[in-house]
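A closer look at the structure
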Amino acid sequence: MKLIVVTPAGRERYLRLLSHYVLGSPEVSEWQLWDNCRTESDRRYLRELAATDPRCKIKELPGANGNLGIVGDFFRFCDDPEALYLRFDDDIVFVEPGFFEKFQAKAQAAKGSALWFSPLVINNVVCASLLQHFSRVVINGPITCQAMCPYAWAYASFPKAMHPVFIDAVRQGRLADFRVPDRDIRLSRFSINAIAFFGSDIARLGELFHHHRGAEEEWYSVVLPAKLDTCGRIFGDLIVSHFSFYTQERKLLQTGILDAYYGLASLPVPDYEKPVDRKRLKDFLRPWRRPKVIEPEYAISLRDKPAA
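So, a few notes on the structure that sits alongside this text. (Residues numbered from 1 in each chain as written. Predicted model: local features only at pLDDT ≥ 70, side-chain atom pairs only at ≥ 80, totals over all residues. Heavy atoms only, no water.)

Re the overall build of the chain
- Per the secondary structure count, the chain includes ten helices and eleven strands.
- Over its C-alpha trace the chain gives a radius of gyration of 19 Å, about what one expects of a compact globule, namely 19 Å for 308 residues.
- Its C-alpha atoms put the chain at 60 × 55 × 40 Å along the principal axes.
- A separation of at least 24 residues holds for 78% of the contacts in the chain among residues at least 6 apart in sequence.
- Put simply, the chain shows about 14,300 Å² of open surface, and 51% of that area lies on carbon and sulfur atoms.
- Within the chain, one finds 41 positive and 38 negative side-chain charges whose respective centroids are separated by 6 Å. (Helix = DSSP H or I, 4+ residues; strand = E, 2+ residues; numbered from the N terminus. Rg over C-alpha atoms; globule rule 2.2 N^0.38 Å. Contact = heavy atoms within 4.5 Å. Areas by Shrake-Rupley, 256 points an atom, 1.4 Å probe, with all protein chains shown as cover. Lys, Arg positive; Asp, Glu negative; His and termini not counted. Charge placed at Lys NZ, Arg CZ, Asp CG, Glu CD.)

Structure representation (structure tokens):
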């Protein structure tokens, strides 16, 4: 069984880090880079990256220019029935040691019992709910078990609190504090930051698999499993970290969190633009105006280690 990683690509500031993990693993037989770049500079980097390793295969579609609605169409390149296809977002910024081998083995053992498989993803709200209730991570702040939670997904305050705790835990060798039991997901949308399908299932389902009509995430995580009377499964003992959703990215890039993830990988931090917030005229004219919404606050920590 071949393990093929596929990534909707891409943003150079993240791909430099993700490539360290994907291309650093001999378990990965191929890395499909789905060219959905927003800028020509990112597209140039994508080609430079592909030239560094023969396992990299750039896949192109007409009209792919950063449009999220086209991402699901790239699954048509996943046509090898002998492969396990693992879709990683380009801003997966940490992959635990030995992940690819363990993930492939667990998926193979569970084949037929679920349609899709995912690791536990840091900064994925469904996974955060599992962390809140089943791990040694203490999360104080509002979380709902919804992919697009109006609190933890909609604002940067949750990942701004979570990422530093997770990074410090990796440094201290406390990754086990984040592990949770495996859980099946039914009739619930799941953010597909990291999701795997067997090529044999894709081939068996044919056009039904590809019938997402631009709603890739809803179709693959909820609707298609429901139509097949099956589920998805989270492997709670295998961990990756996802940097941000579009609702969070700007504020997260203003911090040093991405730099810290490069530090975990012992890689130099590349030059990338950090957004700057500028006050608008109306902010000066009406400084007393209260914000329409109040961003939630979070305090996240690890429980004390049990006494030896």
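Section: unusual backbone geometry
- Cis rather than trans, the peptide bond between Ala9 and Gly10 has omega equal to -15°.
- One can find Gly10 in the loop between strand E1 (2-9) and helix H1 (12-22).
- The residue Arg213 is not glycine, and still its phi comes out positive at about 50°.
- Tracing the backbone through its elements, the reader meets Arg213 in the loop between helix H6 (199-205) and helix H7 (216-227).
- Look at Ser266: it is not a glycine, yet its phi comes out positive at around 55°.
- With respect to the helices, strands and loops of the structure, Ser266 is situated in the loop between helix H9 (257-264) and helix H10 (281-285).

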